[in-house]
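What follows is the residue order along each chain.
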Amino acid sequence: MNCADARRAALIDPQRLPLEAREHIQACAACREEFGGWLRKDAALLQAVRSTQRDGLAERLVLAHRLQQRRRSFAFVAAAGLTAVGVGLVIRSLGNGQPLIGGELVAFANLPKSELPALTASRVEELRKARGIGADANSVGGSGVRIYTAKWCAICKQAKTYLNSHGIAFDESDIETEKGLQAYTDAGGGDGIPLLLVSNKRVVGFSEQAYDAVLRCPMSRRRADASG
Amino acid sequence: MMMKPSGHFEALVAAYADDLYRYAYWLCRDCHQAEDLVQETLLRSWRGFGSVRAADAVKAWLLTTLRREFLRTVMPGERPQLLSLDDEDGPLAEADLPHYLPCMDDEIDVRRALERLPPPYREVLILQVYFGYSTTELAAIVGATEAAVANRLLRARKALALEQAADPANPPQAVVIPLKRRQQGGRR
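Computed from a predicted structure; not experimentally measured.

(A) Just the interface of chain B and chain A, in detail. Taken together, the contacts link 53 residues of chain B with 43 residues of chain A. A buried area of about 4,500 Å², summed over both sides, lies between chain B and chain A, and 61% of it is on carbon and sulfur atoms. Residues Arg 66 of chain A and Glu 10 of chain B are paired through a salt bridge, measuring 3.3 Å at the closest nitrogen-oxygen approach. Applying the counting criterion to the chain B and chain A interface returns 15 residue pairs in polar contact (both at pLDDT 80 or more).

Below you can see the structure in the form of structure tokens.
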């Protein structure tokens with residue numbers, strides 16, 4: 001290897017000289033001196049780059065990361081919320097006003113019903129959070145028909161009158177009692193009373209047409225049982 | 001060191017932010033753009049750490065990501081600026097090889113000369129001198145052949161020498177001294 005080749009190797013990468021170049025530089029005083037100079041220049045270069053700094057960079061980067069994480073969390077929650085609202089709207093449109101919670105959809109919209117008092121509604125919300133929505137929605141009791149009512153509810157009285165007049169046996173839960181309210185919540189209640197459960201069907205509110213439709217099969221079966 | 005996919009962003013910043021900033025600064029020579037590049041690189045890279053294991057691989061990956069980000073945001077449509085036109089010219093002739101100048105050791109002069117270097121030369125020089133990458137590794141990072149990288153390094157040092165020699169702060173006779181010494185020393 002000659003001086004030019006050794007110098008070329010040193011200029012390409014002074015830290016990784018090929019063996020031949022190293023041997024030449026050790027033997028050649030002029031190349032050794034120049035090579036030492038290039039190494040010093042690289043050291044000066046290294047120092048120049050190392051002195052490039054930015055105060056507070058790490059703190060700003062960590063802060064930016066946290067803000068991004070928060071934005072992502074917010075976006076996720078917002079997306080989840082919008083999805084839930086969307087699904088709710090679909091379910092409502094499918095069910096014509098009847099939420100699908102622990103029971104088959106029954107297509108009766110806006111039946112006359114009594115709204116829950118504010119205190120009762122908030123208690124239902126608490127129970128929902130504590131117990132889960134519709135935890136025992138299909139528990140309708142031994143009669144096969146259960147109705148959730150309150151003593152002050154005129155529409156509940158109409159519903160009970162209907163059931164009695166049609167000879168339908170039913171279990172009643174008073175949502176004014178703690179046990180009744182828990183059962184009402186477990187059944188997916190919360191939209192008002194009366195709430196009627198028949199097998200896995202649910203009707204919120206009362207109208208004769210709705211009850212006729214929902215109770216037709218059980219009534220027929222009961223009538224058949226009675227006649228048999 | 002092994003990075004957890006969902007591990008500590010703070011640890012990532014502590015380990016690499018300063019080096020990434022140095023590389024970013026010398027790519028664009030603007031402290032604000034450099035900081036933006038580092039931030040974008042770390043935030044983007046954070047999601048993809050599952051496949052990267054070794055610390056060396058992490059650093060090279062981050063540098064490559066930062067470089068790509070630089071080309072995408074700071075220099076959109078100007079990629080050729082980071083490609084040396086000399087890549088296809090072949091190695092420098094013996095007469096073109098630069099000589100070491102004593103005036104090159106001063107850090108301030110080096111910094112000034114480094115700032116005036118063409119971007120392709122400055123980039124490979126910094127990646128080699130500061131980050132310690134070999135020509136093979138540099139070729140992978142800048143997306144060029146080893147020969148092209150070697151040529152850029154050679155020309156970078158020559159350009160640096162010329163920049164420093166042309167700097168009015170340097171005495172002009174400094175250019176002559178080593179040439180005389182070369183002639184006296186002769187070739188082996």
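(B) Structural view of the side chain of Asp 13 of chain A. For Asp 13 of chain A, the position within the fold is in the loop between helix 1 (3-12) and helix 2 (19-27). Within polar-contact distance, the side chain of Asp 13 of chain A engages the side chain of Arg 16 of chain A at 3.1 Å. Among all residues touching Asp 13 of chain A, those that are not within four sequence positions of it are Gln 128, Ser 134 and Arg 157 of chain B.

(C) Representation of the sheet that holds strand 4 (residues 201-204) of chain A. Residues and elements named next belong to chain A. Spatial ordering of the open sheet is given by 2-1-3-4, a layout of four strands whose pairing is mixed. Either end of the sheet is taken by a strand with one partner, and the two such strands are strand 2 (171-174) and strand 4. In this sheet, adjacent strand axes meet at a mean angle of 15° when their direction is disregarded. Where strand 1 (residues 145-149) meets strand 2, four bridges bridge the pair, whose relative direction is parallel. The partner of Ile 147 across the bridge, within strand 2, is Glu 172.

(D) Quick look at unusual backbone geometry. The omega torsion across Ile 193 of chain A and Pro 194 of chain A is 0°, close enough to zero to call that bond cis. Of note, Pro 194 of chain A is situated in the loop between helix 7 (178-186) and strand 3 (195-198). Even without glycine at this site, Arg 29 of chain B takes up a positive phi of about 55°. Here Arg 29 of chain B is to be found in the loop between helix 1 (9-28) and helix 2 (31-46).

(E) Spatial organisation of empty space enclosed by the protein. All names here are of chain A. Taken as a whole, this structure holds two cavities of 30 Å³ or more when the rule is applied. Each pocket or cavity is described by its volume, and for the largest cavity that value is around 60 Å³. Taken together, 10 residues make up the lining of the largest cavity; nearest its centre are Ala 6, Arg 7, Ala 10, Cys 31 and Phe 35. At the level of secondary structure, the elements contributing two or more residues to the lining of the largest cavity comprise helix 1 and helix 3 (29-50). By residue class, the composition of the lining of the largest cavity is seven nonpolar, no polar and three charged.

Reading the values: rules and limits
- Residues numbered from 1 in each chain as written.
- Chains lettered and ligands numbered in written order.
- Predicted model: local features only at pLDDT ≥ 70, side-chain atom pairs only at ≥ 80, totals over all residues.
- Heavy atoms only, no water.
- Contact = heavy atoms within 4.5 Å.
- Buried area = accessible area lost by both parts, 1.4 Å probe.
- Salt bridge = Lys/Arg side-chain N within 4 Å of Asp/Glu carboxyl O.
- Polar contact = N/O pair within 3.5 Å; in protein donor to acceptor, adjacent residues only side chain to side chain.
- Helix = DSSP H or I, 4+ residues; strand = E, 2+ residues; numbered from the N terminus.
- Pairing = 2+ DSSP bridges.
- Axes fitted to C-alpha atoms, helices over the stretch in contact; angles between N-to-C directions.
- 1 Å grid on protein atoms, 1.4 Å probe; cavity = no way out; pocket = protein on both sides within 12 Å on 5 of 7 lines; lining within 4 Å.
- Points joined across faces, edges and corners; volume = space filled by probe spheres on them.
- Nonpolar A, V, L, I, M, F, W, Y, C, P; charged D, E, K, R; others polar.

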